[in-house]
Amino acid sequence: MDFSLSEETLEFRQTIRDIVKRTVTTDVIDRMHTSGTFASPELNAELGRHGFFERAVPGLGKGDPIELWVLFNELEKAGAPYDGPAVALMIAGVVNALGTDEQKARIMPSIISGEAMVAMGYSEADYGSDVASIKTRAVKDGDEWVINGSKMWTTMAQAAKWLILLTRTDLDLPKHKGLTMFLLPMDTPGITVEPVHTLGTEVTNATYFDDVRVGDEAVLGGVNNGWRTMTTVLAFERGVMGGSNAAVPLLRHFHDWAASMGLLNSDVVRERLARSVIDMQVAALLTQRSAWIAASGGMPGLEGSMTKVFAAEAYQRISKWCQQMAGPAGLLQFHEEGAAGEGFVEYDARHSPVVTIYGGTTEINRNNIAERHLGLPKSR
Ligand SMILES: Cc1cc2nc3c(=O)[nH]c(=O)nc-3n(C[C@H](O)[C@H](O)[C@H](O)COP(=O)(O)OP(=O)(O)OC[C@H]3O[C@@H](n4cnc5c(N)ncnc54)[C@H](O)[C@@H]3O)c2cc1C
């Protein structure tokens, strides 16, 4: 198999690099880390204006399928705030696959222009891995649905225009079958957002729903079909839109710092750096495969799980190595004098464990691989 990029894709990549260079300034990266909101309106607007988001919507078929991977890989390698647009494009992919024509016309333009972020509300305080057991209720009242309950870990809710919300609509059906997904504006009356600060810097939220009223136009993918909509989101979330080369900016910062400290002649440092670079290359190839499947209209459920497990564990291992190699300087944070890798060594050591949790934990993804690929018995 030939993984090299065509001339056109190399040009596309160069344009993204130019945009990143222009818009992802030190101030933008600083703002991302101080605010905890991993999105940049300047970068999003520029990528939207070039039509790059529209070209990258999974399954829409506007661009070469490889562009989805190139776009997010470039943003990730640059350390740019890309989580916001990644989630928005995942949801655009779900709207494209399962939404009505009216929903596509109403929702897609705001996402592909780069203007609208989307929050995902499916986990609850007691139901993350076991998301099929969620309790938030949606009850039909005349022409409307009335939603009550609460969600946990609703990342981006503080900046989002749209929310996808998993609810229970039928108590009599088996738990996977009585669920419905809604896609509604975040400013719908009755929604409250409270910030939750995480170890990994990114701010997420607890969200509360108090008699929130929406019409049938908000149902995404059909009533009592929420499980299918949910698995479509997850197929795009795991190992498709970045999240797999997170150690690349760390390695760049660590390498420069180690060179300035005269550490690059150490056998241990050289060996660990070489192993880290190999791991990142393998993670990039795995992502290339799952992103290609998603962009071509497929569902990389299994391939995404494989990518996410490998990449998240490699990132955590590499961050730990960098912190060990840096010694006390690896405990100093951004803007502290003497901080290894300008503070990225300390930041990535905190951020990398979090990546093994969201989008489904490593254990859940291992179960997925064991059951769907190796044919082992179901664990739940
Ligand atoms: C920073 C961050 C951002 C997030 N963003 C979002 C978001 O935007 N939207 C959203 O809906 N959710 C989001 N999540 C939630 C995330 O998907 C859940 O945290 C995750 O699915 C784990 O669920 P839990 O926290 O309830 O842990 P639990 O499910 O309680 O798991 C606890 C431990 O038990 C293990 N475990 C559980 N079940 C099994 C099993 N069957 N087999 C083996 N091991 C098992 C897990 O692997 C884990 O180690 C986010 C989480 C974090 C940390």
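1. Thoughts on the overall build of the protein chain
Consideration 1: Looking only at helices and strands, the protein chain has 13 helices and seven strands in total.
Consideration 2: Dimensions of the protein chain, computed from C-alpha atoms along their principal axes, come out at roughly 70 × 45 × 45 Å.
Consideration 3: For the protein chain, buried positions account for 55% of its 380 residues.
Consideration 4: A total of about 16700 Å² of accessible surface is found on the protein chain, and carbon and sulfur atoms cover 54% of it.
Consideration 5: Positive and negative side-chain charges in the protein chain, numbering 35 and 47 respectively, have mean positions lying 5 Å apart.

2. Some details on the packing of aromatic side chains
Any two aromatic rings considered together are summarised by their centre-to-centre distance and by the angle between their planes.
Consideration 1: Tallying each qualifying case throughout the model produces seven aromatic pairs.
Consideration 2: Relative to Trp257, the ring of Phe254 has its centre 5.9 Å away and its plane inclined at 45 degrees; by these criteria the two rings are tilted. One end of the pair, Phe254, and the other, Trp257, are both in helix H9 (residues 247-260), three residues apart, so they sit about a helical turn from each other.
Consideration 3: Centroid distance Phe344 to Tyr347: 6.4 Å. Interplanar angle 85 degrees. Geometry classified as edge-to-face. On the criterion of helical spacing, the pair formed by Phe344 and Tyr347 is a turn pair, its members being three residues apart in helix H12 (residues 344-355).
Consideration 4: When its relative accessible area of 12% is taken as the criterion, Phe344 is described as buried.
Consideration 5: When its relative accessible area of 5% is taken as the criterion, Tyr347 is described as buried.
Consideration 6: Among the aromatic residues, ring-to-ring pairing joins Phe334, Phe344 and Tyr347 into one connected group.

3. Some remarks on the environment of Gly128
Consideration 1: Within the fold, Gly128 resides in the loop between strand S1 (118-121) and strand S2 (137-141).
Consideration 2: Given a relative accessible area of 41%, Gly128 falls into the partly exposed group.

4. Details of the site of the ligand
Consideration 1: In the vicinity of the ligand lie 16 residues, with Met120, Ser129, Trp153, Thr361 and Glu363 positioned nearest.
Consideration 2: Take Trp153: an N or O atom from its main chain is 3.0 Å from a nitrogen atom of the ligand.
Consideration 3: The protein chains hide 70% of the 980 Å² of surface that the ligand would expose on its own.
Consideration 4: Of the residues forming the shell around the ligand, the biggest block, three residues, is contributed by helix H13 (residues 362-372).
Consideration 5: By residue class, the composition of the shell around the ligand is seven nonpolar, seven polar and two charged.
Consideration 6: Counting only domains with at least three residues in the shell around the ligand, you end up with domain 2 (119-233) and domain 3 (238-372).

5. A look at the nonpolar core
Consideration 1: Among the nonpolar cores identified, the biggest contains 87 residues, and Leu68, Leu71, Phe72, Leu75, Ile91 and Phe254 are the most heavily contacted of them.
Consideration 2: Excluding residues within four positions of it along the chain, Leu75 makes contact with Val20, Leu43, Leu47, Ala80 and Tyr82.
Consideration 3: Listed in part, the 20 residues of the second largest apolar core include Ala138, Ala157, Ile191 and Ala218.

6. A look at the domain arrangement of the protein chain
Consideration 1: Under the domain assignment, the protein chain is made up of domain 1 (7-116), domain 2 (119-233) and domain 3 (238-372).
Consideration 2: Centre-to-centre separation of domain 2 and domain 3, based on C-alpha positions: 30 Å.
Consideration 3: Opposite the six residues of domain 2 that make contact, domain 3 presents eight residues.
Consideration 4: Buried area between domain 2 and domain 3, summed over both chains or domains, comes out near 580 Å², and the portion from carbon and sulfur atoms is 61%.
Consideration 5: Along the contact surface separating domain 2 from domain 3 lie two residue pairs in polar contact (both at pLDDT 80 or more).

7. Quick word on the pairing of strand S3 (residues 144-152)
Consideration 1: Bridge count for S2 against S3 is five bridges, and the pairing is antiparallel. Residue Ala138 lies in a different strand from S3, and its bridge partner there is Ile147.
Consideration 2: What sits between the antiparallel neighbours S2 and S3 is a turn of two residues, in which Gly142 has the positive phi angle 65 degrees.
Consideration 3: Where S3 and strand S7 (residues 203-215) come together, eight bridges link them in antiparallel fashion. Pairing of Met152 across the sheet is with Ala206, part of S7.

8. Brief notes about H12
Consideration 1: Taking 1.5 Å as the rise per residue, H12 with twelve residues should run 16 Å; its terminal C-alpha atoms sit 16 Å apart, in good agreement.
Consideration 2: Across the twelve residues of H12, ten count as buried, placing the element largely inside the fold.
Consideration 3: Three or more residues of H12 are buried, namely Phe344, Val345, Glu346, Tyr347, Asp348, Arg350, His351, Ser352, Val354 and Val355.
Consideration 4: For H12, the secondary structure elements touched by its buried residues are helix H2 (26-35), H9 and helix H11 (301-326).

9. Brief notes about the side chain of Glu74
Consideration 1: Tracing the chain through its elements places Glu74 in helix H5 (residues 66-77).
Consideration 2: Residue classification places Glu74 among the buried residues on the basis of a relative accessible area of 7%.
Consideration 3: For Glu74, the side chain forms a polar contact with the side chain of Lys77, separated by 3.4 Å.
Consideration 4: With near-sequence residues (within four places) excluded, Glu74 lies in contact with Arg13, Ile16 and Arg17.

10. Comments concerning unusual backbone geometry
Across the chain, the bulk of peptide bonds are trans and the bulk of non-glycine residues have phi less than zero.
Consideration 1: The phi angle at Asp211 is positive, at roughly 50 degrees, despite the residue not being glycine.
Consideration 2: Structurally, Asp211 is set in strand S7.
Consideration 3: A positive phi angle, near 55 degrees, is found at Glu342, a position not held by glycine.
Consideration 4: A residue is classified by how much of its surface remains accessible, and Glu342, at 57% relative accessible area, is exposed.

About the thresholds
Residues numbered from 1 in each chain as written. Predicted model: local features only at pLDDT ≥ 70, side-chain atom pairs only at ≥ 80, totals over all residues. Heavy atoms only, no water. Helix = DSSP H or I, 4+ residues; strand = E, 2+ residues; numbered from the N terminus. Buried < 20%, exposed > 50% of the residue type's maximum accessible area, 1.4 Å probe, protein only. Areas by Shrake-Rupley, 256 points an atom, 1.4 Å probe, with all protein chains shown as cover. Lys, Arg positive; Asp, Glu negative; His and termini not counted. Charge placed at Lys NZ, Arg CZ, Asp CG, Glu CD. Phe/Tyr/Trp six-rings, centres within 6.5 Å; stacked < 30°, edge-to-face > 60°. Near = heavy atom within 4 Å. Polar contact = N/O pair within 3.5 Å; in protein donor to acceptor, adjacent residues only side chain to side chain. Nonpolar A, V, L, I, M, F, W, Y, C, P; charged D, E, K, R; others polar. Domains from an automatic or database assignment. Core = buried A, V, L, I, M, F, W, Y, C linked by side-chain atoms within 4.5 Å. Contact = heavy atoms within 4.5 Å. Buried area = accessible area lost by both parts, 1.4 Å probe. Pairing = 2+ DSSP bridges. Expected span 1.5 Å × (residues − 1).

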